Amino acid sequence: MSLQTAAASTSSAADTTNLFLLPPHVQQRLEADGPLPVLPWLAVRAVKISEDPDCSINEFVALIGRDVSLLSGILSFANSVFYSGGKPISNVRQAVIRLGMRTCRNLILTSCISSLMGRMSMKQEWIRESLARHGYVTAAVCHALNQRLLLGYDGEEFTAGLVHDIGRTLLASCFSDEFQEFDGLTFEESSAIVDHEFSIIGTSHTEAGACFAAKSGLPPVLIEVIRHHHNPDHATGDRRLVALVAAADDIANHLQRFDTPENYDTSTNKGLILLERLGVTNAVTLISADATEILKDADAVAGNMAKL
Ligand SMILES: [Fe+2]
Ligand SMILES: [Fe+2]
């Protein structure tokens with residue numbers, strides 16, 4: 001699935017952009033091949049529609065119908081073994097009903113992030129694949145933690161996991177020569193990674209990502225996740241969601257670092273510890289018992305999403 005890029009130009013996006021000014025040399029670099037990209041209008045609209053409690057399925061179906069490749073991607077996902085139950089469908093309304101609007105929104109976002117990754121050169125193929133897999137695994141782990149810890153999110157946790165490292169994709173495409181100097185994709189991460197990036201290129205994937213998200217018009221709650229997922233203590237809005245993504249990020253990193261879902265140690269997971277401080281009782285112990293299963297499932301979900 002690929003999408004055409006269209007400029008997002010809502011007034012709220014423009015207002016927020018000013019809060020995330022990047023150093024001029026970074027801005028220049030990001031815009032070397034044209035203005036800083038934004039997520040396609042379609043993706044931002046899909047997020048907004050699905051957040052509206054009164055959203056209508058008609059509006060969503062009409063939105064998907066605007067892009068033929070997106071429409072066929074969603075139809076084929078709805079007809080995949082995972083969702084179809086052996087009953088094929090052929091129209092987009094049935095597909096949205098079968099998948100649910102939140103899943104469709106996440107598929108649209110996935111597709112749009114993939115189109116952003118298209119800016120990377122062919123020699124960066126493995127970086128593209130590695131970052132895409134990381135987004136899918138983190139999203140699926142967010143979903144699993146939300147269910148097991150009864151946090152009450154309804155799909156927004158998956159979206160937050162999906163986009164949390166969007167700044168890495170952006171930096172990989174704009175700083176292709178230096179990228180591996182500041183991000184070796186070892187998935188051995190701590191809050192020090194942000195300082196390390198600053199020391200080399202004068203910004204970080206969290207700041208650049210937040211700037212990109214604000215410019216694209218993504219909701220403030222997602223901007224905060226992107227900005228603070230390595231320092232969840234700094235979040236001031238929905239701190240539980242930022243802590244949840246930080247927790248999932250650490251668990252997902254284990255899978256990509258050691259290439260196994262086994263032997264994850266929850267006792268040092270900063271996100272889970274913060275969730276406990278925010279009132280989620282026994283988060284560390286509860287997840288410790290299920291970590292291997294969570295990672296196995298997340299890896300399977302990531303495999304399905306990579307086929308989109
Ligand atoms: Fe990150
Ligand atoms: Fe991450």
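Residues numbered from 1 in each chain as written. Chains lettered and ligands numbered in written order. Predicted model: local features only at pLDDT ≥ 70, side-chain atom pairs only at ≥ 80, totals over all residues. Heavy atoms only, no water.

A word on the overall build of the protein
In plain terms, the rule: Per the convention used, a helix needs a DSSP run of H or I reaching at least four residues, while a strand needs a run of E reaching at least two, with both numbered from the N terminus. Burial classification: accessible surface area is computed with a 1.4 Å probe over protein chains only, and a residue below 20% of its type maximum counts as buried, one above 50% as exposed, and the rest as partly exposed. Residues are treated as being in contact if the distance between any of their heavy atoms lies within 4.5 Å. Only the protein chains shown count as cover for residues, and the accessible areas themselves come from Shrake-Rupley with a 1.4 Å probe.
Check the secondary structure of the protein and you find 18 helices and zero strands. Counting over 308 residues, the protein shows a buried share of 52%. Look at the contacts in the protein between residues 6 or more apart in sequence, and 68% of them connect residues 24 or more apart. Total accessible area on the protein stands at roughly 13,400 Å², and carbon and sulfur atoms take up 51% of it.

Digging into the nonpolar core
Stated precisely, the cut-off is as follows: Take the buried Ala, Val, Leu, Ile, Met, Phe, Trp, Tyr and Cys residues and link them wherever side-chain atoms come within 4.5 Å; each set so joined is a nonpolar core. What counts as a domain boundary in this text is fixed by an automatic or database domain assignment.
Leu39, Ile64, Ile74, Ile108, Val141 and Leu145 are the most contacted members of the largest nonpolar core, which has 96 residues in total. Of the residues forming this core, the biggest block, eleven residues, is contributed by helix α9 (residues 125–148). Shared between two domains, this core takes at least three residues from each, and those domains are domain 1 (21–37 + 122–308) and domain 2 (38–118). When residues no more than four places from it in sequence are discounted, the contact partners of Leu145 are Leu150, Leu151, Leu244, Ala247, Ala248, Ile251, Ile287 and Ile294.

Observations concerning the coordination of the iron ion (ligand 1)
Test applied: Note on donors: an N, O or S atom is included if it sits within 2.8 Å of the metal, or within 3.2 Å for Na, K and Ca, and water is never included, so sites can look incomplete.
Bound to the iron ion (ligand 1) on the protein side are Asp165 (OD), His205 (NE2), His229 (NE2) and His230 (NE2), at distances that span 2.1 to 2.3 Å. One chain supplies every donor to the iron ion (ligand 1), and in sequence these donors are spaced D-x39-H-x23-H-H. Between the iron ion (ligand 1) and the iron ion (ligand 2) the interatomic distance amounts to 3.8 Å, and Asp165 serves as a bridging ligand to the pair. Residue Asp165 is located in the loop between α10 (156–163) and α11 (166–174), and its partner His229 is located in the loop between α15 (220–228) and α16 (239–258); the two are separated by 64 residues in the primary sequence.

Re the confidence of the model for the protein
Stated formally: You can read pLDDT as the predictor saying how much it trusts each residue, on a scale of 0 to 100.
Looking at the protein as a whole, its pLDDT mean stands at 83, while 88% of the residues score no less than 70. Least confident of the elements in the protein is helix α1 (residues 11–17), whose mean pLDDT is 38; most confident is helix α17 (residues 270–277), at 97. Note that residues 1–18 has pLDDT below 50 and, in this model, 40 contacts with residues that lie over four places away or in other chains.

Things to note about the environment of Val245
Summarising the element assignment, Val245 is placed in helix α16. For Val245, a relative accessible area of 0% puts it in the buried group. When the C-alpha atoms of Val245 and Val141 are compared, they prove to be 8.6 Å apart, with 104 residues separating the residues in sequence. Setting aside its immediate chain neighbours within four residues, Val245 contacts Thr138, Cys142, Ala160, Gly161, His164, Val225 and His229.

Notes on the packing of helix α4 (residues 57–65) against helix α7 (residues 92–99)
Note the threshold: Axis geometry follows a simple rule: fit a line to the C-alpha atoms, using only the stretch in contact for helices, then measure angles between N-to-C directions, giving values from 0 to 180 degrees. Roughly parallel here means an angle under 35 degrees, roughly antiparallel means over 145, roughly perpendicular means 65 to 115, and every remaining angle is called oblique. Whether a crossing is left-handed or right-handed is set by the direction in which the near helix is turned from the far one by less than a right angle, anticlockwise for left-handed and clockwise for right-handed.
Closest axis-to-axis distance for the α4/α7 pair is 10 Å, and the angle between their directions is 120 degrees. Taken together, α4 and α7 sit at an angle that is classed as oblique. In this structure, the crossing between α4 and α7 has a hand that is right-handed. For the pair α4 and α7, contact is made by Ile57, Asn58, Phe60, Val61 and Ile64 and by Val92, Arg93, Val96 and Ile97, respectively.

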